[in-house]
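In case you want the letters, here they are:
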Amino acid sequence: QVQLVESGGGLVQPGGSLRLSCAASRSIFGLYTMGWYRQAPGKQRELVAKITRGGITNYADSVKGRFTISRDNAKNSGYLEMNSLKPGDTAVYYCNAEPPPGLSGRSYWGQGTQVTVSS
């Protein structure tokens, strides 16, 4: 079992920045692909960004150039730096950890942290 605990959400004005953190309970997290998802009210949950154990990243088109995903395997943690935030970024953001191909196991989700972008 891997438990994910998220922090860093809050209220920010358009153009502002936030840094989300995801702390995992087990070191096996370092072998997993880590991702950030978000879900706005009335909308489907969508992938924001992901990063493999080797540092390969992928971003949704809507956040490219504004968000940066990173990880610190020594700390069993993942991060999402969000810059130039827009009202459309308002959502609950979830941390996700998924075993890569060749490694058995289940995926894990954090509890979510609210990000609200509003003037």
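All of these numbers come straight from a predicted model, not from anything done at the bench.

Chemist: I keep staring at the state of the cysteines and nothing clicks. Help me out?
Modeler: Any covalent bond linking the sulfur atoms of two cysteines counts as a disulfide. As enumerated under the stated definition, the model contains one disulfide in all. Paired through a disulfide, Cys 22 and Cys 95 show a sulfur-sulfur distance of 2.1 Å. Across the disulfide from Cys 22 to Cys 95, rotation about the S-S bond amounts to roughly -85°, and the bridge is consequently left-handed. A residue pair is termed long-range when its members are at least 10 positions apart, and Cys 22 in strand β3 (residues 18–24) and Cys 95 in strand β9 (residues 91–98) qualify at 73 residues. The exposure class of Cys 22 is buried, given its relative accessible area of 1%.

Chemist: When you look at the pairing of strand β1 (residues 4–7) in this model, what are you seeing that I'm missing?
Modeler: Every other side chain in a regular strand lies on the same face of the sheet, so the side chains alternate between the two faces. Burial along β1 is one-sided: the residues Leu 4 and Glu 6 are buried and none of Val 5 and Ser 7 is. Of the pairings in the sheet, the one linking β1 to β3 comprises four bridges and is antiparallel in character. Looking across to β3, one finds that Val 5 is bridged to Ala 23.

Chemist: What should I look at first to understand unusual backbone geometry in this one?
Modeler: Most peptide bonds adopt trans geometry, and most residues besides glycine take a negative phi value. Residues other than glycine seldom take positive phi values, yet Asn 76 does so here, at roughly 55°. Within the chain, Ser 84 stands out as a residue other than glycine whose phi angle is a positive 50°.

Chemist: What am I meant to see in the sheet that holds β1 here?
Modeler: To summarise the sheet geometry, strands pair through backbone hydrogen bonds and adopt either a parallel or an antiparallel arrangement. Taking strand neighbours across the sheet as the criterion, the four strands line up as β1-β3-β8-β7 in an open arrangement whose pairing is antiparallel. Strands at the two margins of the open sheet, each flanked by one partner only, are β1 and β7 (67–72). Ignoring which end each strand starts from, the neighbouring axes of this sheet average 15° apart.

Chemist: Would you mind going over the packing of aromatic side chains with me for this structure?
Modeler: The description of an aromatic ring pair rests on the distance of the ring centres and on the angle between the ring planes. Under the criterion given, the structure shown has two aromatic pairs. On the basis of an interplanar angle of 35° and a centroid distance of 6.4 Å, the ring pair of Tyr 32 and Tyr 108 is categorised as tilted. Of this pair, Tyr 32 sits in the loop between β3 and β4 (33–39) while Tyr 108 is found in strand β10 (residues 108–109), placing the two residues 76 residues apart along the sequence. The ring of Tyr 79 carries the charged tip of Arg 19 above its face, separated from the ring centre by 4.3 Å. The ring of Trp 109 has Arg 45 sitting right over it, with the charged end atom 4.8 Å from the ring centre.

Chemist: Quick question: what am I supposed to make of the pattern of salt bridges here?
Modeler: Should the charged atoms of two oppositely charged side chains come close, the side chains can pair. Evaluated as defined, the whole model comprises five salt bridges. Linking Arg 19 and Glu 81 is a salt bridge whose minimum nitrogen-to-oxygen distance equals 2.6 Å. Remark: Glu 81 occurs in strand β8 (residues 77–82) and Arg 19 occurs in strand β3; sequence separation between them is 62 residues. Judged by its relative accessible area of 40%, Arg 19 is partly exposed. In this structure Glu 81 comes out as partly exposed when scored by relative accessible area, which is 31%. As a salt-bridge pair, Asp 89 and Arg 66 come within 2.8 Å of each other at their nearest N and O atoms. Here the residue Asp 89 occupies a position in the loop between β8 and β9, and Arg 66 occupies one in the loop between β6 (57–59) and β7, the gap between them amounting to 23 residues. Of the two residues examined, Asp 89 and Arg 66, each falls in the buried class.

What counts as what
- Residues numbered from 1 in each chain as written.
- Predicted model: local features only at pLDDT ≥ 70, side-chain atom pairs only at ≥ 80, totals over all residues.
- Heavy atoms only, no water.
- Disulfide = S-S within 2.5 Å.
- Helix = DSSP H or I, 4+ residues; strand = E, 2+ residues; numbered from the N terminus.
- Buried < 20%, exposed > 50% of the residue type's maximum accessible area, 1.4 Å probe, protein only.
- Pairing = 2+ DSSP bridges.
- Axes fitted to C-alpha atoms, helices over the stretch in contact; angles between N-to-C directions.
- Phe/Tyr/Trp six-rings, centres within 6.5 Å; stacked < 30°, edge-to-face > 60°.
- Lys NZ or Arg CZ within 6 Å of the ring centre and 35° of its normal.
- Salt bridge = Lys/Arg side-chain N within 4 Å of Asp/Glu carboxyl O.

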